[in-house]
Amino acid sequence: MKLTTTTGRLPIFLTLVAILIAGAMAQLYSGLSAESALAAPACDWEVYPGAGNPLQTAVSAAVAGQTICVHGGVYHEAVRVPSAKTGLTLTAVPGETPIIDGQRILPGGMPEHRFQALVELNSPGLVFDGFEVRFSSARGIDVTADDIVVRNADVHDNWSTGINVRGGGPVH
């Protein structure tokens, strides 16, 4: 009878287990559960770039508390999230970057539009995650309610302001 050992494989296996545990622990300490840190977001709506206003159409159709997952690509539209859409989440599909591009003409070229934003976030509890916002003819993003989270955002090349915060609550 010949005995063999797997001692050469054991250190590799233990190293892989340690990496997985360390990653899960890092996510737990960042405020996420291990399950949610490893899973893609549950999407109530999926949005793809195209003609018209697909992102605003999804926001208008969604109800409070739902998640809108947005695929990468360029969206030439202004987005307004009204106050009635509490707890709404707009998030980029993992590994993709949706770009909201005002083309230097949106939200509008008239003088009365100079205080508007390409993206207006007016809903308490809203999460806006993983977007690039660029080339607004006025402001990039306006935050006007409490408890709104804007994260992983690249906001640049807007006429006046990148992100304007007017809510009374904490900034996350």
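Residues numbered from 1 in each chain as written. Predicted model: local features only at pLDDT ≥ 70, side-chain atom pairs only at ≥ 80, totals over all residues. Heavy atoms only, no water.

Q: Mind showing me how you'd approach the state of the cysteines here?
A: All chains considered together, the criterion is met by one disulfide. Through a disulfide, Cys-43 is tied to Cys-69; the S-S separation comes to 2.0 Å. Looking down the S-S bond of the Cys-43 and Cys-69 bridge, the torsion is -90°, so its handedness is left-handed. You can see Cys-43 sitting in the loop between helix H2 (34-38) and strand E1 (45-47) and its partner Cys-69 sitting in strand E2 (residues 67-70), a full 26 residues away along the chain. What makes Cys-43 partly exposed here is its relative accessible area of 34%. (Disulfide = S-S within 2.5 Å. Helix = DSSP H or I, 4+ residues; strand = E, 2+ residues; numbered from the N terminus. Buried < 20%, exposed > 50% of the residue type's maximum accessible area, 1.4 Å probe, protein only.)

Q: Is there a simple way to think about the sheet that holds strand E9 (residues 132-134) in this case?
A: Hydrogen bonding along the main chain pairs the strands of a sheet, whether they run parallel or antiparallel. Judged by pairing direction, the sheet is parallel, and its four strands sit side by side in the order E3-E6-E9-E12 without closing on themselves. Strands with a single pairing partner mark the edges of an open sheet, and in this sheet they are strand E3 (73-75) and strand E12 (154-156). Neighbouring strand axes in the sheet, compared pairwise and without regard to direction, differ in orientation by 20° on average. Where E3 and strand E6 (residues 98-101) come together, three bridges link them in parallel fashion. From the neighbouring strand, Tyr-75 faces E6, where its bridge partner is Ile-100. (Pairing = 2+ DSSP bridges. Axes fitted to C-alpha atoms, helices over the stretch in contact; angles between N-to-C directions.)

Q: Explain the sheet that holds strand E11 (residues 149-151) to me, please; I cannot follow it from the model alone.
A: With respect to topology, five strands assemble into an open sheet ordered E1-E2-E5-E8-E11, the strand pairing being parallel. The open sheet terminates on both sides in strands that have one partner only, identified here as E1 and E11. With strand direction ignored, the average angle separating the axes of adjacent strands in the sheet is 15°. Bridge analysis of strand E5 (residues 89-92) against strand E8 (residues 127-129) gives three bridges, and the strand direction is parallel. Paired with Thr-91 across the strands is Asp-129, a residue of E8. The strands that helix H3 (residues 54-61) touches are E1, E2 and E5; relative to E1, the one it contacts most, it runs at about 165°. (Contact = heavy atoms within 4.5 Å.)

Worth remembering: the numbers are spatial, not functional.
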